[in-house]
Amino acid sequence: MVSLIIEGLRFALLLILYWFLYRVARAIYLDIRTARPTETRAGQGWSLVVIDGPGWVKGQQFELTQPTIRVGRAPDNDIVINDPLVSRTHLSIVQGSRGFLLRDYNSKNGTWVNGHRVMESQWLGEGDVIKLGSTVLQLSGGRHETRSRVPHRVGAAD
């Protein structure tokens, strides 16, 4: 009887070890998959450009001048999106040493980057397309003459 319990515990330990190795391998795979040949360095001149969305002016831009930009429906976000498919605090974009890191806050309808759903976080590169709700934004590193400085609170209700 004791040997059967010991074998069961060994089996459970082996399952936990394989699960851990799977999670490590998956994290490495996701990091490699999202790696860019050239890194996106955070700094001046970066913005989110509106590609599509209800109530938005196409081409409208939001400069990424703060270390962390919060995006969502709630009025206390840096970029407010009046879209019922967007969570109150949907995501954030954080300036890091490698560039910009997008973090999804477990939003109900998800955040998509270049057609792939973001499960937790993902590094962004120039030209990446971000979709949340019905709104589509693009990360741009080029300098443009007309920009909105974040925080900027606009959306479908404006």
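Predicted model only: the values in this text are computed from it and were never measured.

Student: Help me understand the side chain of H90 in this model?
Tutor: With respect to the helices, strands and loops of the structure, H90 is situated in the loop between β4 (79-80) and β5 (91-96). There is a polar contact of 3.2 Å between the side chain of H90 and the side chain of S107. Among the polar contacts listed, one links the side chain of H90 to the side chain of T111, at a separation of 3.1 Å. Non-local contacts of H90, meaning those with residues more than four positions away in its chain, are made with V71, G72, L85, R103, D104, Y105, S107, G110, T111 and L132.

Student: Got a minute to help me understand the pattern of salt bridges in this structure?
Tutor: Two side chains of opposite charge can pair, provided their charged atoms sit close to one another. A complete count under the given rule lists two salt bridges for this structure. Between E7 and R10 there is a salt bridge, with its nearest N and O atoms 3.2 Å apart. You can see E7 and its partner R10 sitting in helix α1 (residues 2-33), three residues apart, about one turn around the helix. Taking relative accessible area as the criterion, E7 reaches 45% and is therefore assigned partly exposed. Across the pair R70 and D76 runs a salt bridge, and its minimum N-O distance is 3.7 Å. For D76, a relative accessible area of 45% translates into the label partly exposed.

Reading guide: rules and limits
Residues numbered from 1 in each chain as written. Predicted model: local features only at pLDDT ≥ 70, side-chain atom pairs only at ≥ 80, totals over all residues. Heavy atoms only, no water. Helix = DSSP H or I, 4+ residues; strand = E, 2+ residues; numbered from the N terminus. Polar contact = N/O pair within 3.5 Å; in protein donor to acceptor, adjacent residues only side chain to side chain. Contact = heavy atoms within 4.5 Å. Salt bridge = Lys/Arg side-chain N within 4 Å of Asp/Glu carboxyl O. Buried < 20%, exposed > 50% of the residue type's maximum accessible area, 1.4 Å probe, protein only.

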